[in-house]
Amino acid sequence: RKVCLLAGGVGGAKMAEGLAAHDDVALSVIGNVADDDSFHGLWVSPDIDTLTYSLAGRIDRAQGWGVADEGHRALETLDLLGAETWMSLGDRDFGLHIHRTMRRGRGDRPSDIARDVARAFGVKPAILLPTDDVVQTRLRTTDGRWLSFQEYFVRERCAPEIREIAFSGMDMARPTPEALTAIAGADLIVIAPSNPLVSIAPILGIPGIGEALRAADAPKIAVSPFIAGKVVKGPADRMMAALGLRADALGVARRYRALADRLVIDHADAALGAEIAAEGPAPQCSDILMKTQADKARLAREILDLAFAPV
Ligand code: GDP
Ligand code: CA
């Protein structure tokens, strides 16, 4: 079965690992490039790298991002030289950023680079970019500043209140043929329990991607990043509340109303089921906290059964 997953970083990678655990799945993951930025002259693509490192079994499992067995000597040198080093980049990780930057400078397509990197790391699923163009999240804070995603997320630890989210370069971005083909050819489309506003939105917003999703006749199943009204991690709850949206599984259901047929929510949110059903995607209760590899594989199997098992 061809499964196409829309995914951000950590939440996306967990879902990707779960789906990749099943031999009857041919998985394509469309990742998020809107967190990309330049550091020390190098192009860094955090969400794509989290997918690659996770699917390669190289991820630092304790923190959920970055490479296992990592060192920070290159950063120490940069620090000594007076560079800003709030963005934690490890020594092993630097190697990938050097390679990516070198190839981008040579004019190689970012999609080709991501594919070759994944292949070199032994990743089986296809890691696809929604666009080869530069699209970047910009967050306007209540004190009137526009921050890049990493400035907000890493440098300022999500402390500022958000007033507005924008994606620079979005209007002019073109979708990659690989992403469009994966969407059109999918037997199932899954929206990972990623941040709806800064991980999934910048994928859906690439001109042509939303249309391709609406035109695809595969079942579309989303998984909630909220459990018992709370996020597992990260700023999605505060961002949704700041934008006047409900910060819970119902808020997620409303976001994906026009897109998803079903929304998998946690048993702890079963009380929201009737309201979710009334608003759009049919709710399905499950245990959606993915701590272990077994949790990830089990949730993925339940999603596959929802889509394919004869009722
Ligand atoms: P990021 O790019 O690293 O911020 O990661 P994503 O956008 O892909 O995922 C962030 C979201 O994943 C957060 O809103 C979390 O609530 C959610 N998340 C993390 N772990 C889990 C999990 O085990 N289960 C579910 N349902 N959501 C999770
Ligand atoms: Ca991210």
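In case you missed it, the structure is sitting above this.
Before going into details, it helps to say that this report is about the structure given with it. Every residue gets a number counted from 1 within its own chain, in the order that chain's sequence is written. Lettering for chains starts from A, numbering for ligands starts from 1, and both go in the order in which the items are written. Local features in this predicted model are restricted to residues of pLDDT 70 or higher, and side-chain atom pairs are both shown and tallied only at a pLDDT of 80 or more, whereas totals for entire chains, interfaces and linings draw on every residue. Values shown for side chains rest on all heavy atoms present in the structure; no hydrogens or waters enter the calculation.

Metal donors were taken as nitrogen, oxygen and sulfur atoms no farther than 2.8 Å from the ion, or 3.2 Å where the ion is Na, K or Ca. Water is excluded, so coordination may look unfinished. Protein ligation of the calcium ion (ligand 2) involves D35 (OD), D47 (OD) and D47 (OD), the donor distances falling in the range 2.1 to 2.5 Å. Here D35, found in the loop between β2 (26-30) and β3 (37-39), pairs with D47, found in helix α2 (residues 46-55); they are 12 residues apart in sequence, far enough to count as distant. Assigned by exposure class, D35 and D47 land together as buried. The secondary structure listing takes helices from DSSP runs of H or I that are at least 4 residues long and strands from runs of E that are at least 2 residues long, numbered from the N terminus. For every residue, the accessible area (1.4 Å probe, protein chains only) is compared with the maximum for its type, and the residue is labelled buried under 20%, exposed over 50%, or partly exposed between those bounds.

For the rest of this paragraph, the subject is the site of ligand 1. One heavy atom suffices: a residue is near a molecule or strand as soon as one of its heavy atoms comes within 4 Å of it. Ligand 1 sits among 21 residues. The nearest are S194, S199, P225, I288 and M290. One of the backbone nitrogen or oxygen atoms of G9 is found 2.9 Å away from an oxygen atom of ligand 1. What qualifies as a polar contact is a pair of N or O atoms within 3.5 Å, subject to a donor-acceptor requirement within protein and to the restriction that residues adjacent in sequence count only when both atoms come from side chains. Between ligand 1 and M290, the relevant distance is 2.7 Å, taken from an oxygen atom to a main-chain nitrogen or oxygen of the residue. Here the Shrake-Rupley method, with its probe set to 1.4 Å, supplies the accessible areas, and only the displayed protein chains count as covering residues. Notes on ligand 1: free accessible area 590 Å², of which the protein chains cover 92%. For the shell around ligand 1, the leading source of residues is helix α1 (residues 10-20), giving four residues. Under the scheme applied, nonpolar residues are Ala, Val, Leu, Ile, Met, Phe, Trp, Tyr, Cys and Pro; charged residues are Asp, Glu, Lys and Arg; polar residues are all the others, including Gly. Broken down by class, the residue content of the shell around ligand 1 amounts to 10 nonpolar, eight polar and three charged.

Let us look at the packing of aromatic side chains. Any Phe, Tyr or Trp ring, taking Trp's six-membered ring, that has another such ring centre within 6.5 Å forms a pair; planes under 30 degrees apart are called stacked, those over 60 apart edge-to-face, and the others tilted. All chains considered together, the criterion is met by three aromatic pairs. Between Y53 and F121, the aromatic rings sit 5.7 Å apart at their centres with planes inclined by 75°, giving edge-to-face as the arrangement. With Y53 in helix α2 and F121 in the loop between α5 (110-120) and β5 (126-128), this residue pair connects regions lying 68 residues apart in the sequence. On the basis of relative accessibility, which here comes to 25%, the residue F121 falls in the partly exposed class. For the cation-ring pair, R1 lies above F308, with the distance from its terminal atom to the ring centre recorded as 4.1 Å. Geometrically, a charge over a ring is one whose NZ (Lys) or CZ (Arg) sits within 6 Å of the ring centre while staying within 35 degrees of the ring normal.

Turning to the pairing of strand β14 (residues 282-286), a few remarks are in order. Side-chain positions along a regular strand alternate between the two faces of the sheet. Looking at chain direction, strand β13 (residues 262-266) and β14 are connected through five bridges and run parallel. Within the sheet, the bridge partner assigned to R262 lies in β14 and is A282. Looking down the strands as they point away from the viewer, one classifies a crossover as right-handed if the path from the first strand across the helix to the second runs clockwise. On the question of chirality, the crossover connecting β13 to the parallel β14 by way of helix α12 (residues 273-279) is right-handed. Strands are labelled as partners when DSSP assigns at least two bridges between them.

In this section: the sheet that holds strand β10 (residues 220-223). Here seven strands make up an open sheet; going across it, the order is β5-β2-β1-β9-β10-β13-β14 and the pairing parallel. Two strands bound the open sheet, and with one partner strand each, they are β5 and β14. Neighbour to neighbour, the strand axes of the sheet diverge by 25° on average, direction disregarded. By the bridge criterion, three bridges tie β10 to β13 in an arrangement that is parallel. From the neighbouring strand, V223 faces β13, where its bridge partner is V264. Contacts are assigned to residue pairs with any non-hydrogen atoms lying within 4.5 Å of each other. Whenever a helix is involved, its axis is fitted only over the stretch in contact; in every case the axis is a line through C-alpha atoms, and angles between N-to-C directions fall within 0 to 180 degrees. Along the sheet face, α1 touches β1 (2-6), β2, β9 (188-191) and β10 and points at about 170° away from the line of β1.

A separate point is the pattern of salt bridges. Think of a salt bridge as a Lys or Arg side-chain nitrogen and an Asp or Glu carboxyl oxygen that are within 4 Å of each other. A full pass over the atoms with the stated rule returns 24 salt bridges. With a closest N to O distance of 3.4 Å, D112 and R115 form a salt bridge. Taken together, the positions of D112 and R115, both in helix α5 and three residues apart, correspond to about one turn of that helix. A relative accessible area of 36% places R115 in the partly exposed class. If you follow the salt bridges from partner to partner, you end up with R103, R106, D108, R109, D112, R115, D116, D132 and E178 in one network.

This paragraph deals with unusual backbone geometry. Backbone geometry places R157, a non-glycine residue, at a positive phi of 45°. Examined against the element boundaries, R157 turns out to sit in the loop between α6 (149-155) and β8 (162-168). For R157, a relative accessible area of 71% translates into the label exposed. Of note, A228 is a non-glycine position whose phi angle comes to about 55°, a positive value.

Turning our eyes to something else, we now look at the sheet that holds β8. With respect to topology, three strands assemble into an open sheet ordered β7-β6-β8, the strand pairing being antiparallel. Of all the strands in the sheet, just β7 (146-148) and β8 have a single pairing partner and so form its edges. Across this sheet, the average inter-strand angle for adjacent strands is 30°, counted without regard to direction. Of the strand pairs in this sheet, strand β6 (residues 136-141) and β7 are connected by three bridges, and their pairing is antiparallel. The residue bridging R138 from the neighbouring strand is S148, located in β7.

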